[in-house]
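So you can see what is in the structure, the chains are spelled out below.
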Amino acid sequence: MPQQILDSQLHIRSIDSYIDPATPRERAIITHGHADHARSGHGSVLATPDTIAIMKARYGEDCAGKFQPLDFGEALAIDDVTITFYPAGHILGSAQVLIEQAGQRVVVTGDYKRLPDRTSQEFELVKCDLLVTEATFGLPVFQHPPAERETARLLASVAGNPERAHLIGAYSLGKAQRVIGLLRDAGHDAPIYLHGAMIRLCELYQERGIALGDLGHATEASKADLAGQVVIAPPSALKDRWSRRLPDPVLAMASGWMSVKQRARQRGVELPLVISDHCDWNELLQTIAETEAETVWVTHGREDALVYYCRQQGLAAEPLNIQGFEDEGGEDAA
Amino acid sequence: MKRFAQLLELLALTPSRNRKLEALVDYFRATPDPDRGLALAVLTGALTFKNVKPALLKETVLREVDPHLFALSYDYVGDLGETIALIWPHHAKSHELPSLAELIELFNTTSKKDLPDLIASLLTSAEINERWALVKLATGGLRIGLSARLTKTALAQMGGKDVQAVEEVWHGISSPYQELFDWLEDKAEAPQVDPASRFHPLMLSNPVDEAKDLETLDPADFAAEWKWDGIRVQLVMGADGVSLFSRTGDDIGGAFPDIVESVFGRAVLDGELLVGEGFDPAPFNDLQQRLNRKTPTGPMLVKHPAFIRAYDMLFDGDEDIRALPWTERRKMLEAWFARNPQQRIDLSQIVPFADWQELAGIRKRGADENGHEGVMLKRRQSVYVPGRPKGEWYKWKRDPNIVDAVLMYAQRGHGKRSSYYSDYTFGAWLDGELVPIGKAYFGFTDEELRQLDKWIRGNTTGSFGPVREVRKQLVFEVAFDSAQKSGRHKSGVALRFPRISRIRWDKPADEAAQLDEVLALIPAT
Ligand SMILES: [Zn+2]
Ligand SMILES: [Zn+2]
């Protein structure tokens, strides 16, 4: 039984290791660098080299007792358990964790998405017996459009408002870099101006081989320079004093939640961009089917609907209520 | 349809009034007839379809989507139209939708039996944003935060006219507004409507700022009346018959045949619609029962007879008297009334007072003894102008009553508040049990709303549909205008205009109000 390998707190019993634990643990396996998954203070951390670099950049070099890097696709045997990371496609370095023991396969997806994203390693499907999937967008109302459509809308708005800046609220880790990458791919090669909070992480992406083009500091540019330009800031800065330095900004936000217009209005977002780093409903269903898992545990979001759906398909499904799992930055990050 | 969908989205998402205005003007300029007139009808809520209703759309969607998943989604999104637009599972590769005029024609002419298939094929053909606009169009409830006033301002701006001039013709014209656009584009004269037979926009009052206004206003310049607890209406008795309009210009005459059929004479009156025997106003709840029905039942007409308490006159016969001062209009109203004594109209009496202090005392006694909502102050020299001119009319509401009540149930809000539990039912204690005494929205900051939402999620003891039952631990300070006796509520009391004025995180629930204390606030009549 795969349930004997892993418990509902994502604790791998026989090697006493926790996946993305919310409190400091002796042994932790970290799927990716978002704060609701990667916390400081663990004894030892097993993660991908990118994730380790991100953790050190955010929390300091000694945020864990020791780090053990593991590349994608490399099997690590510990006692009778084998751990392998597969790309989750969520952000740079994000991994799904495959745990094999006594012929049983368990996959913990962490956060993942299946739409192409050149700032992250591409998602790989892993067949398994027990799938622990996230459900950030686990409702059938979430059907994300292709990100290119959203980029095209953004660029059309930029072209149509040459006297205004476009201020995009995007989470500093992952989303910001993805938006920059999308703009570059769409042929936008003007400098993109950044809020101070995201400069370090963009540099880290660039250091690790992700080209992001010409980036500027928004605080160092004059108001006139920013007219007709794209500025990226954390969502919290959208309504902040900070944004007053910009010329009559069009407030945009890049998030999967932005498909719900009521949500966009609540946030005062004029240009909602449905750009998500999580699967939408259809991708969740596709993944569940393709992994051929017979048991599905659902965590991290809207568990009800996905559990209901799985049970209708004849799968054994349970919601996991893991304390402390809430998307980093709440809805902003997704 | 594409342009209309873009307009709707822009109107829904742009906070800037000027940009909304600009978008509307551009749309009306660039769109041919009859599409723009139909769009105007949609925007102002003047267009309804006989067979295309929210229920039909929902039914169409439920042919394709699991009902439980739909319910969970609706609970999350909070807006039926938006849920339908987002959840529709079939998407065509190319997006060809009919024009607005063709669509409306289709909605009106397709048989009831064929409508679900039509709707399904339209939803599939639409691009995501058009799908949203399509559902909004079909269900009628736009909820995009666009006021009728702003739409009329855009029309005026488009034609280089005064918005007042647009208001004046508005209630005599209808979809698709060809004659309106012809006039705005100077291709024709202003649409002709008999001025004494149609709705005229109302003059509204401002609240008294006790700290400032009472110092500067001279009591001798003002007349006072009670503020009645009914709804504001305009009774138009013109050459073409009698119409009864709500304050927004909706014709509600069908719901009040007892008034429309009994009044006589020629005039346009401004007054309060009330129910009660012998001109004795009953609590608002009784009126509400009449307002809930498009046409009243026989027993209802007997149990809750309606009447109008008139306080102003806009037209005396055919003569427009709005430019005369209030004192003159009042004299003419009294004279008209003496000439035309009515079964279903009486006059709102003037309340004499010498200074503000005396009026404050009258106001308090009126509230305590008769449950009056407050007093109205009208500048004796005020002419009747639409809108809310400064310094002319004031409402001086009674001080609110306050009660500390305990949160019992929370429900997700709709529209802007849809992601939070923002509708609250609260109760007072009776023999150690809580009895619900009212329901209100929260009127505070997003931050407080979030805190409260978090508390609710952490203290849920049960949930049914969108409603959560919570631990009986959190105290709200609830302000309300008055308490009224109610046979329909288990508590025996109904609160008028309850609003949550503070969250008392500090107050233990067992120190909240006893039901007795709330009942004691009902004025003895
Ligand atoms: Zn994440
Ligand atoms: Zn996460």
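An unreviewed UniProt entry annotates chain B as DNA ligase (ATP) of Devosia pacifica.

An unreviewed UniProt entry annotates chain A as DNA ligase-associated DEXH box helicase originating from Devosia pacifica.

S.K.: Would you take a moment to explain the interface of chain B and chain A for this structure?
M.R.: Interfaces are often sized by the amount of accessible area the parts lose when they come together. Between chain B and chain A, the contact holds 34 residues from the first and 28 residues from the second. Here chain B packs against chain A, burying approximately 2,700 Å² in sum over the two surfaces, 54% of which is carbon and sulfur. When the area that chain B buries against chain A is broken down by residue, the three leading residues are L13, Y76 and L86 of chain B, summing to 26%. The interface formed by chain B and chain A holds 4 salt bridges in total. For D248 of chain A, the salt bridge goes to R19 of chain B, with nearest N and O atoms at 2.7 Å. Summed over the shared surface of chain B and chain A, the number is 13 residue pairs in polar contact (both at pLDDT 80 or more). Counting residues per element, the ones that place at least two in the side of chain B that touches chain A are α1 (2-13), α5 (67-77), α6 (80-87) and α9 (128-139) of chain B. A total of 6 residues in the side of chain B that touches chain A trace back to one element, the largest contributor, which is α5 of chain B.

S.K.: In this structure, what is going on with the pairing of strand β15 (residues 460-464) of chain B? I would like to understand it.
M.R.: Remark: a regular strand shows side chains that alternate across the two faces of the sheet. Residues and elements named next belong to chain B. Bridging between β15 and strand β16 (residues 467-470) involves 4 bridges; their strand directions are antiparallel. When the sheet's bridge partners are listed, T460 is paired in β16 with V470. If you look at the hairpin formed by β15 and β16, you'll find 2 residues sitting between the two strands, and G465 has a positive phi there, around 55°.

S.K.: Help me understand the side chain of Q484 of chain B in this model?
M.R.: All names here are of chain B. The topology assignment puts Q484 in strand β18 (residues 482-485). Residue classification places Q484 among the buried residues on the basis of a relative accessible area of 10%. Engagement of the side chain of Q484 in a polar contact is seen with the side chain of D229, the distance being 3.2 Å.

S.K.: Hey, could you run me through the coordination of the zinc ion (ligand 1) in this one?
M.R.: Six octahedral donors around a metal ideally make angles of 90 or 180 degrees; four tetrahedral donors ideally make 109.5 degrees. Residues and elements named next belong to chain A. Protein-derived coordination of the zinc ion (ligand 1) comes from H32 (NE2), H34 (ND1), H90 (NE2) and D111 (OD), at a distance range of 2.2 Å. Angles of 90 to 167° at the metal separate the 4 donor atoms of the zinc ion (ligand 1), which places the site in the irregular class. Binding-site remark: the zinc ion (ligand 1) is held by donors from one chain whose sequence spacing is H-x1-H-x55-H-x20-D. Here the zinc ion (ligand 1) and the zinc ion (ligand 2) are spaced 3.4 Å apart, with D111 acting as a shared donor. Here H32 and H34 have matching classes, each one buried.

S.K.: Just checking my understanding: could you explain the UniProt feature "domain: Metallo-beta-lactamase" (unreviewed entry) in chain A for this structure?
M.R.: UniProt records the feature "domain: Metallo-beta-lactamase" (unreviewed entry) at residues 6-171 of chain A, using the numbering of this structure. With 15% helix and 31% strand, residues 6-171 of chain A has its two end C-alpha atoms placed 31 Å apart.

S.K.: Is there a simple way to explain the sheet that holds strand β15 (residues 250-254) of chain A in this structure?
M.R.: Hydrogen bonds along the backbone pair up the strands of a sheet, which may run parallel or antiparallel. Residue and element names in this part refer to chain A. Ordered in space as β13-β12-β14-β11-β15-β16, the 6 strands form an open sheet in which the pairing is parallel. The two strands at the open ends of the sheet, each matched to only one other strand, are β13 (215-217) and β16 (271-273). Strand-to-strand, the axes of this sheet are offset by a mean angle of 30°, without reference to chain direction. Against the sheet, helix α2 (residues 147-160) engages β11 (166-169), β14 (230-233), β15 and β16, with an angle of about 155° to β16.

S.K.: Explanation requested: the nonpolar core in the structure shown.
M.R.: Grouped burial of nonpolar side chains is what soluble globular proteins tend to show. If you look at the biggest cluster of nonpolar residues, it comprises 103 residues, and the most contacted ones within it are F28, L43, F107 and L180 of chain B. Residues I91, I168, I180 and C202 of chain A belong to the second largest nonpolar core, which totals 34 residues.

S.K.: What is the right way to read the domain arrangement of chain A from this model?
M.R.: Residues and elements named next belong to chain A. Looking at the assigned domains, one finds that chain A contains domain 1 (2-141 + 277-333) and domain 2 (147-273). For domain 1 versus domain 2, the distance between C-alpha centres works out to 29 Å. Between domain 1 and domain 2, the contact holds 25 residues from the first and 25 residues from the second. Buried area between domain 1 and domain 2, summed over both chains or domains, comes out near 2,300 Å², and the portion from carbon and sulfur atoms is 58%. Connecting domain 1 to domain 2 are 4 salt bridges. A salt bridge links D185 to R118; the shortest N-O distance between them is 2.9 Å. Summed over the shared surface of domain 1 and domain 2, the number is 5 residue pairs in polar contact (both at pLDDT 80 or more).

S.K.: What is the right way to look at the domain arrangement of chain B in this model?
M.R.: All names here are of chain B. Domain boundaries in chain B define domain 1 (2-139), domain 2 (206-397) and domain 3 (401-519). Taking the mean C-alpha position of each, domain 2 and domain 3 sit 33 Å from one another. Contact residues are listed per partner, giving 7 residues for domain 2 and 7 residues for domain 3. For the pair domain 2 and domain 3, the summed buried surface comes to about 640 Å²; carbon and sulfur atoms form 35% of the total. When the shortest N-O distance is used, the salt bridge between D481 and K397 registers 2.9 Å. The interface formed by domain 2 and domain 3 contains 3 residue pairs in polar contact (both at pLDDT 80 or more). Per-class residue counts for the side of domain 2 that touches domain 3 are 2 nonpolar, 2 polar and 3 charged.

S.K.: When you look at the packing of helix α3 (residues 35-43) of chain B against helix α7 (residues 100-109) of chain B in this model, what are you seeing that I'm missing?
M.R.: Two packed helices can be described by the angle between their axes and the distance between those axes. Residues and elements named next belong to chain B. Axis separation between α3 and α7 bottoms out at 8 Å; the angle between their running directions is 60°. Comparing the axis directions of α3 and α7 gives the class oblique. Contacts between α3 and α7 pair D35, L38 and A39 from the former with L100, A101 and I104 from the latter. Classifying every residue of the contact of α3 with α7 by side-chain character gives 5 nonpolar, no polar and 1 charged.

S.K.: For this particular structure, what's the right way to read the environment of D182 of chain B?
M.R.: All names here are of chain B. Along the chain, the position of D182 falls in helix α12 (residues 178-184). On a C-alpha basis, the gap between D182 and F284 in space is 44 Å, while along the polypeptide they are 102 residues apart. Look past the residues within four positions of D182 in its chain and what remains in contact with it is K187 and A188.

S.K.: What is the right way to read α9 of chain B from this model?
M.R.: It helps to recall that an α-helix has 3.6 residues per turn; residues three or four apart then point in one direction. All names here are of chain B. Compared with the 16 Å implied by 1.5 Å per residue over 12 residues, the 17 Å span of α9 between its first and last C-alpha is a close match. Of all 12 residues that make up α9, 11 are buried, and the element is covered over most of its length. G140 sits one or two positions beyond α9 and adopts a positive phi of about 85°.

Calculation notes
Residues numbered from 1 in each chain as written. Chains lettered and ligands numbered in written order. Predicted model: local features only at pLDDT ≥ 70, side-chain atom pairs only at ≥ 80, totals over all residues. Heavy atoms only, no water. Contact = heavy atoms within 4.5 Å. Buried area = accessible area lost by both parts, 1.4 Å probe. Salt bridge = Lys/Arg side-chain N within 4 Å of Asp/Glu carboxyl O. Polar contact = N/O pair within 3.5 Å; in protein donor to acceptor, adjacent residues only side chain to side chain. Helix = DSSP H or I, 4+ residues; strand = E, 2+ residues; numbered from the N terminus. Pairing = 2+ DSSP bridges. Buried < 20%, exposed > 50% of the residue type's maximum accessible area, 1.4 Å probe, protein only. Donors = N, O, S within 2.8 Å, 3.2 Å for Na, K, Ca; no water. Tetrahedral: all angles 85-135°; square planar, octahedral: opposite > 155°, others 65-115°. UniProt positions renumbered as here; feature names shortened; annotations may be inferred. Axes fitted to C-alpha atoms, helices over the stretch in contact; angles between N-to-C directions. Core = buried A, V, L, I, M, F, W, Y, C linked by side-chain atoms within 4.5 Å. Domains from an automatic or database assignment. Nonpolar A, V, L, I, M, F, W, Y, C, P; charged D, E, K, R; others polar. Parallel < 35°, antiparallel > 145°, perpendicular 65-115°, else oblique. Expected span 1.5 Å × (residues − 1).

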